[in-house]
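Chains, contacts and geometry: an overview
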Amino acid sequence: MSDLLKRGRLLPLVLLLAALPFYVDAFWLRIGLFAMAAAIGAVGLGLLAGTAGQLSLGHAFFLAVGAYGYAWLAGEPGPGLPPALALVLAVLLAGAAGGLFSPVAGRVKGIYLGVATLALVFLGHHVLLTADSVTGGFNGRSVPPLTLGGFAFADTDPELVVLGVPFGAEERLWYLGLALFALTWFTARGILRGRPGRALVAVRDSETAAAVMGVDVARYRSAAFVVSSMYAGLAGALLALGFRRIVPDYFGLALSVDYLAMIVIGGLGSVAGATAGAVFVTALPLLMTRYADHLPLVAAPGSTEGAVGPTEAARYLYGAAIVLILLYAPDGLHGLARRLRARVTGRRAKAATATVPSAAPARPKEHTP
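Quick look at the structure, then. Remember, it's a predicted structure, so these values are computed and weren't measured experimentally. (Residues numbered from 1 in each chain as written. Predicted model: local features only at pLDDT ≥ 70, side-chain atom pairs only at ≥ 80, totals over all residues. Heavy atoms only, no water.)

1. Overview of empty space enclosed by the protein
- Tallied over the full model, the rule gives two cavities of 30 Å³ or more.
- By volume, the largest cavity amounts to about 40 Å³.
- Lining the largest cavity are Ala42, Val43, Gly46, Leu47, Thr51, Leu192, Gly269, Ser270, Val271 and Ala274.
- When contributions to the lining of the largest cavity are tallied by element, the ones reaching two or more residues are α2 (26-51) and α12 (271-290).
- The leading source of residues in the lining of the largest cavity is α2, at five residues. (1 Å grid on protein atoms, 1.4 Å probe; cavity = no way out; pocket = protein on both sides within 12 Å on 5 of 7 lines; lining within 4 Å. Points joined across faces, edges and corners; volume = space filled by probe spheres on them. Helix = DSSP H or I, 4+ residues; strand = E, 2+ residues; numbered from the N terminus.)

Printed below as a string of structure tokens:
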């Protein structure tokens, strides 16, 4: 019953998101698309870091595997596979890359795993620059559009018009992003609510207690790393479709740090929190870039003035947000929203109790002689 109520509450939000392409321009749709792609990757990292308690600084590597895997498998030079098949294989390729590293993830934890995964970022960046035939080298490579049953998620000629609204690449990719994010949301919540989620939480809280209860600690750690890698691969492929051209410099250490910021700001171990953090971290630099002319101390892109650029300013802001979250709301935006909701619900319950008239005192029963 509670699940039905929650779905009923989500229905207006789903309808709103589905209607947005008919009312907003391509800029806002592009922000939403990048935010959805980031949310998919952040949910995967949240499962690994927040639920399993494993620190990873190599998330950008698996994003690159998904992005370049799709671009190579579906493009030329490359096998030239159907784009839908290439998308699935790119996700599996990212999972396979995570599987190759999973023995390390199963036996190493904490800062040691973080340093080990950090090596993946530098190794991956070197490969992206040197494997010209696959990645295009420094200049990157173009990304072929996704097609499903003859329907292309790209600009087409003649132009598609729905209810009087032209549907270009951004409008079409918006619905693709919604579908992939919905798939990520429900699968991640299923993992967290099921036996795997309980086992991962047990491993995070106490390895000894988890082992006593029969949990294979190394196996579940490795599995969490593989699943997180697959989510990152899906996010990378969606980002590649949104960018239409990918370059190695995007998949650097800064991207991994951005994803850590997403799950810390949103709340570790929460799907909704990872989504909120991803939207905040992704949208902030794009909005600051667009409105740089109206913001103090922020220089417009390409300006030679000494002010801070919008990307750097955005990182300063969400860096400050991380500090505030750690000091005043360690469970992130999701925990803060939960406490506010509980407080509002408690006040409403008290108000309802106060307005209900108290029952009249019962009359004493007369003694019958």
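2. Quick look at the packing of aromatic side chains
- Evaluation of the coordinates by the stated rule reveals 12 aromatic pairs.
- A centroid spacing of 5.2 Å and a plane angle of 85° characterise the contact between Phe151 and Phe153, whose relative ring orientation is edge-to-face.
- Note on Phe151: relative accessible area 34%, which makes it partly exposed.
- Phe153 gets classed as buried once you look at its relative accessible area, which sits at 11%.
- Three or more aromatic residues link up through ring pairs in this structure, and these residues are Phe34, Tyr68, Phe243, Tyr250 and Phe251.
- Between the NZ or CZ atom of Arg290 and the centre of the ring of Phe27, over which it lies, the distance is 4.2 Å. (Phe/Tyr/Trp six-rings, centres within 6.5 Å; stacked < 30°, edge-to-face > 60°. Buried < 20%, exposed > 50% of the residue type's maximum accessible area, 1.4 Å probe, protein only. Lys NZ or Arg CZ within 6 Å of the ring centre and 35° of its normal.)

3. A look at the packing of helix α3 (residues 59-74) against helix α5 (residues 110-130)
- Between α3 and α5, the shortest axis-to-axis distance is 9 Å and the interhelical angle comes to 30°. Relative to α5, α3 is oriented roughly parallel. Each of Phe61, Phe62, Ala64 and Tyr68 in α3 lies in contact with α5, whose residues at this interface are Leu120, Val121, Gly124 and Leu128.
- Residue classes in the contact of α3 with α5 are distributed as seven nonpolar, one polar and no charged. (Axes fitted to C-alpha atoms, helices over the stretch in contact; angles between N-to-C directions. Parallel < 35°, antiparallel > 145°, perpendicular 65-115°, else oblique. Contact = heavy atoms within 4.5 Å. Nonpolar A, V, L, I, M, F, W, Y, C, P; charged D, E, K, R; others polar.)

4. A look at the pattern of salt bridges
- Overall, the coordinates contain eight salt bridges when judged by the stated rule.
- The salt bridge partner of Arg30 is Glu170, with a shortest N-O separation of 3.2 Å. Taken as a pair, Arg30 in helix α2 and Glu170 in helix α7 (residues 169-193) lie far apart in primary sequence, 140 residues in all.
- You can call Arg30 partly exposed: its relative accessible area is 30%.
- Glu170 sits in the buried class, given a relative accessible area of 12%.
- With its nearest N and O atoms 3.3 Å apart, the salt bridge here joins Arg315 to Asp258. With a gap of 57 residues between them, Arg315 in helix α13 (residues 310-328) and Asp258 in helix α11 (residues 253-266) connect regions that are remote in the sequence.
- Note on Asp258: relative accessible area 12%, which makes it buried.
- By sharing partners, the salt bridges in this structure join Arg30, Glu170 and Arg244 into a single network. (Salt bridge = Lys/Arg side-chain N within 4 Å of Asp/Glu carboxyl O.)

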